[in-house]
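Structural description and commentary
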Amino acid sequence: MVAEVLEHLEPARGGVFVDCTVGLGGHARALLEAGASRLIGLDRDPGALAAAAETLREYGDRVELVHGDYRRLDELLDARGIPAVDGVLADLGVSSMQLDQPGRGFSFKRDEPLDMRMDTTAGPTAADAIRDADERTLGGVIYEFGEERHARRIARAIVEGRMRAPVETTGRLAEIVRRAVPRRGYSRIDPATRTFQAIRIWVNRELEGLDAFLTQAVRRLCPGGRIVVITFHSLEDRIVKHTFRALQSGGETGLTIRTKRPVVPSEAEVERNSRARSAKLRAAERRTA
Ligand SMILES: C[S@@+](CC[C@H](N)C(=O)[O-])C[C@H]1O[C@@H](n2cnc3c(N)ncnc32)[C@H](O)[C@@H]1O
């Protein structure tokens, strides 16, 4: 949704922009191309930062790439002596590179170690998390983050499966889920899809602290500064909507919401990239004093 990001962030105004999820650097490049004077690109995936460095090489010292979690935005900007910024972008979730790159363990389309960490330098892998969680926790995760109605059945199958042998590969997890879910008719969607999404969100704690991050980001905006957030999950979108609303009435931050309803990608974009089908974009502007 590059055109929509540019429309709302208006980088042609110049100034400092933070891409909190720089990924492969596609949005960041568009911001720089359209006039952003300086861009700070954060990502918690060292592999993504290496790819972004390639994409953004030609912009030289207008770009600084930082390995870090956007939930530490204040600390990361303070360390660089940046008190206020003109625009913030957060394009949440997993990148196509993470999904498609062999060895990351995000996809059931290949059989490989069940890792799923965005930050490959820290935290338990999906295999560790599945080994240590009780059945109730697994069921809750799969139900809430995967919106999977067979969550309890799948959780039981995982626990029974791991008693036979540890669940350490994407292939094994997918197989357990596929066997646990009743098949009725033909579906284009693999029965393991929702469970894989849920485990990924859980392992990376994707919803934790999202509201606090958004509040930090809005407080860092200079008057007239803009924020754009793109989500891929209804729970994430709900957090963005409620946090923006709360900040709208907050006297100190004074936020004007620019998108009454979330903006969704055009049919042409969904046709080009099927993962975009669940994207929702919300934008807001910090009011001038
Ligand atoms: C959808 S992709 C962003 C794609 C990017 N806009 C582009 O143009 O290539 C999301 C990225 O956010 C990163 N990410 C997810 N959670 C993060 C967090 N808490 N802190 C920093 N980066 C995060 C992921 O590692 C991934 O690279």
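Residues numbered from 1 in each chain as written. Predicted model: local features only at pLDDT ≥ 70, side-chain atom pairs only at ≥ 80, totals over all residues. Heavy atoms only, no water.

Let's talk about the overall build of the chain
Along its length, the chain carries 13 helices and seven strands. Over its C-alpha atoms the chain spans a radius of gyration of 20 Å, differing by no more than 12% from the 19 Å that the globule rule assigns to 289 residues. When the backbone C-alpha atoms are referred to their principal axes, the chain occupies close to 60 × 40 × 35 Å. A buried classification covers 51% of the 289 residues belonging to the chain. Here the contacts in the chain between residues at least 6 apart in sequence split such that 68% fall between residues at least 24 apart. Accessible surface, the chain as shown: approximately 14,100 Å² in total, 48% of it carbon and sulfur. Side chains of the chain give 46 positive and 43 negative charges; the mean places of these two sets differ by 6 Å. (Helix = DSSP H or I, 4+ residues; strand = E, 2+ residues; numbered from the N terminus. Rg over C-alpha atoms; globule rule 2.2 N^0.38 Å. Buried < 20%, exposed > 50% of the residue type's maximum accessible area, 1.4 Å probe, protein only. Contact = heavy atoms within 4.5 Å. Areas by Shrake-Rupley, 256 points an atom, 1.4 Å probe, with all protein chains shown as cover. Lys, Arg positive; Asp, Glu negative; His and termini not counted. Charge placed at Lys NZ, Arg CZ, Asp CG, Glu CD.)

Points about the packing of helix α8 (residues 151-164) against helix α9 (residues 170-180)
Interhelical geometry of α8 versus α9 gives an angle of 130° and a closest axis separation of 9 Å. Compared by their axis directions, α8 and α9 come out oblique. Here the hand of the crossing between α8 and α9 comes out right-handed. In contact with Arg153, Ile154, Ala157, Ile158, Gly161, Arg162 and Arg164 of α8, α9 contributes Arg172, Leu173, Ile176, Val177 and Ala180. (Axes fitted to C-alpha atoms, helices over the stretch in contact; angles between N-to-C directions. Parallel < 35°, antiparallel > 145°, perpendicular 65-115°, else oblique. Left-handed = near helix turned anticlockwise from the far one by under 90°.)

A short note on the sheet that holds strand β4 (residues 85-91)
Read across the sheet, seven strands follow the order β3-β2-β1-β4-β5-β7-β6 without closing on themselves; strand pairing throughout is mixed. Edge positions in the sheet fall to β3 (63-67) and β6 (255-257), since each has one partner strand and no second. Adjacent strand axes in the sheet meet at a mean angle of 15°, parallel and antiparallel pairs treated alike. Sheet topology places β4 next to strand β5 (residues 221-231); six bridges connect them, and they run parallel. In the strand pairing of β5, Ala90 is matched with Val229. (Pairing = 2+ DSSP bridges.)

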